[in-house]
Amino acid sequence: MPQRETTVTFECRTSGLRRHHFSGPLLVDVLQAAGPLFDPGDRRDRLRFLISVLGRDGHRAVLSWGEIDPEFGNTPALLAVVMDCRTLDDEGPHLVMPGDRCGARHISQVTDIRVRADDRLWAEDGHPA
């Protein structure tokens, strides 16, 4: 997959200001390669989907598909495989969210990524379940 590079700076509550250089594929490219089941006749159907990313330490973050989709939010989220010129092969990829002020959605050592429609959040009548 095409590799992107980005340098991010974020403020960590416990260790202060942090700056790292990452490279890896865009998260949206990785997920599209997995073949999510969107309705091809309705481009807005993608907006119903949520992405849950889990790290080896149990830390997780939830994103919306629209947030990373180039036709909507276009956030260049990376599934980084290199950090500060060091490969992450032994520890696993990192989720990198450029533009986040704090690093809470930075997930180290990603072990699982799930894409699910939000159908369970809404009752048949369109109101919250």
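Anything mentioned here points back to the structure above.
As a convention, each chain's residues are numbered from 1 in the sequence order in which they are written. Local features are withheld for residues below a pLDDT of 70 in this predicted model, meaning they are given only at 70 or higher, and side-chain atom pairs are given and counted only at 80 or more; totals for whole chains, interfaces and linings count all residues. To obtain the side-chain values, all non-hydrogen atoms of the structure were included, while hydrogens and water were left out.

Student: I tried to follow unusual backbone geometry on my own but got confused; where do I start?
Tutor: In most cases, non-glycine residues show a negative phi, while peptide bonds are predominantly trans. The backbone of D84 shows a phi angle near 50°, a positive value even though the residue is not glycine. Each helix corresponds to a stretch of at least 4 residues labelled H or I by DSSP, and each strand to a stretch of at least 2 residues labelled E; elements are numbered beginning at the N terminus. Residue position: D84 is located in the loop between β6 (82–83) and β7 (86–87). Burial status follows relative accessibility: with a 1.4 Å probe on protein chains alone, a residue under 20% of its type maximum counts as buried, one over 50% as exposed, and anything between as partly exposed. Taking the relative accessible area as the measure of exposure, D84 reaches 36% and is therefore partly exposed. A positive phi is found at Q109, a non-glycine position, where the angle reads about 50°. As for its placement among the helices and strands, Q109 is situated in the loop between β8 (94–96) and β9 (110–117).

Student: Help me understand the pattern of salt bridges in this model?
Tutor: When the charged atoms of two side chains lie near each other, side chains of opposite charge can form a pair. Salt bridge, as applied in this entry: a Lys or Arg side-chain nitrogen positioned within 4 Å of an Asp or Glu carboxyl oxygen. Across all of its chains, the model carries ten salt bridges by this definition. A salt bridge links R46 to D69, with the shortest nitrogen-to-oxygen separation between them at 2.9 Å. Of the two residues, R46 sits in the loop between α1 (27–33) and β3 (49–55) while D69 sits in the loop between α2 (65–68) and β5 (78–80), which places them 23 residues apart along the sequence. For R46, a relative accessible area of 13% puts it in the buried group. Among the ionic pairs, R48 bridges to D119, the shortest N-O distance being 2.6 Å.

Student: Honestly, a nonpolar patch on the surface in this entry has me stumped. Any pointers?
Tutor: A cluster of nonpolar side chains, contributed by L50, V62, L121 and W122, occupies part of the molecular surface with about 380 Å² of accessible area. Judged by its relative accessible area of 32%, L50 falls in the partly exposed class. Residues enter patches when their relative accessible area tops 30% and they take part in no salt bridge; the joining distance is 9 Å for like charges and 5 Å for the nonpolar side chains Val, Leu, Ile, Met, Phe, Trp and Tyr. All accessible-area figures derive from a Shrake-Rupley calculation using a 1.4 Å probe, and residue coverage is judged against the displayed protein chains alone.

Student: Where do I start with the environment of H21 in this structure?
Tutor: Turning to its location among the elements, H21 is positioned in strand β2 (residues 16–24). Residues H21 and V82 lie 61 residues apart in sequence; the distance between their C-alpha atoms is 8.1 Å. In this analysis, two residues are considered to be in contact whenever any of their non-hydrogen atoms come within 4.5 Å of each other. With residues up to four places along the chain from it excluded, the contact list for H21 reads E5, T6, T7, V82, M83 and D84. Two N or O atoms form a polar contact when they lie within 3.5 Å of each other; inside protein one atom must be a possible hydrogen donor and the other a possible acceptor, and for residues adjacent in sequence the pair counts only when both atoms belong to side chains. A polar atom in the side chain of H21 sits 2.9 Å from the side chain of E5. Only 2.7 Å separates the side chain of H21 from the side chain of T7, close enough to count as a polar contact.

Student: I'm lost on the sheet that holds strand β4 (residues 60–64) in this one. Help?
Tutor: The pairing of strands in a sheet comes from backbone hydrogen bonds and takes either a parallel or an antiparallel form. The three strands lie next to each other as β4-β3-β9, forming an open sheet whose pairing is antiparallel. Lying at the two open borders of the sheet, with one neighbouring strand each, are β4 and β9. Taking the axes of each pair of neighbouring strands and ignoring which way they run, one obtains an average angle of 20° across the sheet. Paired strands are those between which DSSP finds at least two bridges. Interaxial angle, 0 to 180 degrees, is taken between N-to-C directions of lines fitted to C-alpha atoms, where a helix line uses only the stretch in contact.

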